[in-house]
Amino acid sequence: MMQRLFAKKRLFLGLSALALVGTVPFAMNQPVLAQLQDVTDAIVQAVLRPEVKLTLSAEKQIVELNANGQETTSWEALEGKVTVQPNDVLRYTVDGSNSGDVEAKGLSITQPIPAQTVYELNSAEVNGNAEIVYSIDGGESFVAEPMVEVTLPDGTVEEQPAPADMYTHVQWNLSDDLASAQAVKAFYNVKVQ
């Protein structure tokens, strides 16, 4: 008799737990199928994401005189250990490509100006639509035209464009999404001090 009572109690507890599990999704106002759909969407989003790979390369500007005595400019790739001299102009290029399954939205590429070099004003470009902004405070903030306060000989203070040697970073904020299998190329020039 005691065993039968114990079995009935376990059956009652088991059915109570099943009833509770069945009512919890409805008490939360979200059916189980909707919850499963949310989990499935999250898994799909985790699998379908952009995978942007960036590579950095550098070139040295070579200026030569042609047969007519005119200057011609070419670029020589810098690989391994190289020696550069003061006043050499270097071009840094960032190549990016999206190997993911979906487009990369709001892509932003930021590059520091290397030590012992000075940014060449207006040399930053990109092969697409992008807002190009600059930092003069170590990458803390970015603006299209960095300004500094300058005290004039008469004691008045005015804002003037920051000199090139104050630039610390270049940033390209792409206006267009980078589609799957699409590439982007951004570059800028610096002069060796």
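Conventions we followed
- Numbers given to residues run from 1 along each chain, matching the order in which its sequence is written.
- Restriction of local features to residues with pLDDT of at least 70 applies here, the model being predicted, together with a cutoff of 80 or more for giving and counting side-chain atom pairs; totals for whole chains, interfaces and linings are based on all residues.
- As a convention, hydrogens and water are excluded, and side-chain values are obtained from all of the structure's heavy atoms.
- In this text, helices come from DSSP runs of H or I with a minimum length of four residues, and strands from runs of E with a minimum of two, each type numbered from the N-terminal end.
- Strands were regarded as paired on the criterion that DSSP finds at least two bridges between them.
- Every axis in this analysis is a line fitted to C-alpha atoms, fitted for helices over the stretch in contact. Angles between the N-to-C directions lie between 0 and 180 degrees.
- To form a nonpolar core, buried Ala, Val, Leu, Ile, Met, Phe, Trp, Tyr and Cys residues must be joined to one another through side-chain atoms within 4.5 Å.
- For every residue, the accessible area obtained with a 1.4 Å probe (protein chains only) is divided by the maximum for its type, and the residue is called buried under 20%, exposed over 50%, and partly exposed between those limits.
- Any two residues having at least one pair of non-hydrogen atoms within 4.5 Å are treated as being in contact.
- What qualifies as a polar contact is a pair of N or O atoms within 3.5 Å, subject to a donor-acceptor requirement within protein and to the restriction that residues adjacent in sequence count only when both atoms come from side chains.

A. Quick look at unusual backbone geometry. Although it is not a glycine, Gln116 sits at a positive phi angle of roughly 65°. Phi at Asn122 is positive, roughly 65°, even though this residue is not glycine. Looking at the secondary structure, you find Asn122 in the loop between strand E5 (117-119) and strand E6 (125-126).

B. Main features of the sheet that holds strand E10 (residues 169-174). The strand order across the open sheet built from three strands is E4-E10-E7, with neighbouring strands paired in antiparallel fashion. A strand with exactly one partner marks an edge of an open sheet, and here the two such strands are strand E4 (108-112) and strand E7 (130-135). For this sheet, the mean angle separating the axes of adjacent strands, direction not counted, is 15°.

C. Molecular detail of the pairing of strand E8 (residues 147-151). As defined by bridge partners, E8 adjoins strand E9 (residues 157-161) across five bridges and the pair is classed as antiparallel. When the sheet's bridge partners are listed, Val150 is paired in E9 with Glu158.

D. Looking closely at the nonpolar core. Tyr119, Ala124, Val170, Trp172 and Tyr188 are the most contacted members of the largest nonpolar core, which has 25 residues in total. Broken down by secondary-structure element, the contributors of at least two residues to this core are strand E3 (89-98), E10 and strand E11 (183-192). With five residues, E11 is the largest single contributor of residues to this core. Setting aside residues no more than four positions away along its own chain, Tyr119 makes contact with Ile113, Ala124, Tyr134, Ala164, Tyr167, Val170, Tyr188, Asn189 and Val190.

E. Examining the environment of Thr117 more closely. Position of Thr117 relative to the elements: it lies in strand E5. Since its relative accessible area comes to 14%, Thr117 is described here as buried. In this structure, the C-alpha to C-alpha distance between Thr117 and Val190, residues 73 residues apart in sequence, is 5.9 Å. Leave out the neighbours within four places in its chain, and Thr117 touches Val190, Lys191, Val192 and Gln193. Looking at Thr117, its side chain comes within polar contact range of the main-chain oxygen of Pro114, at 2.6 Å.

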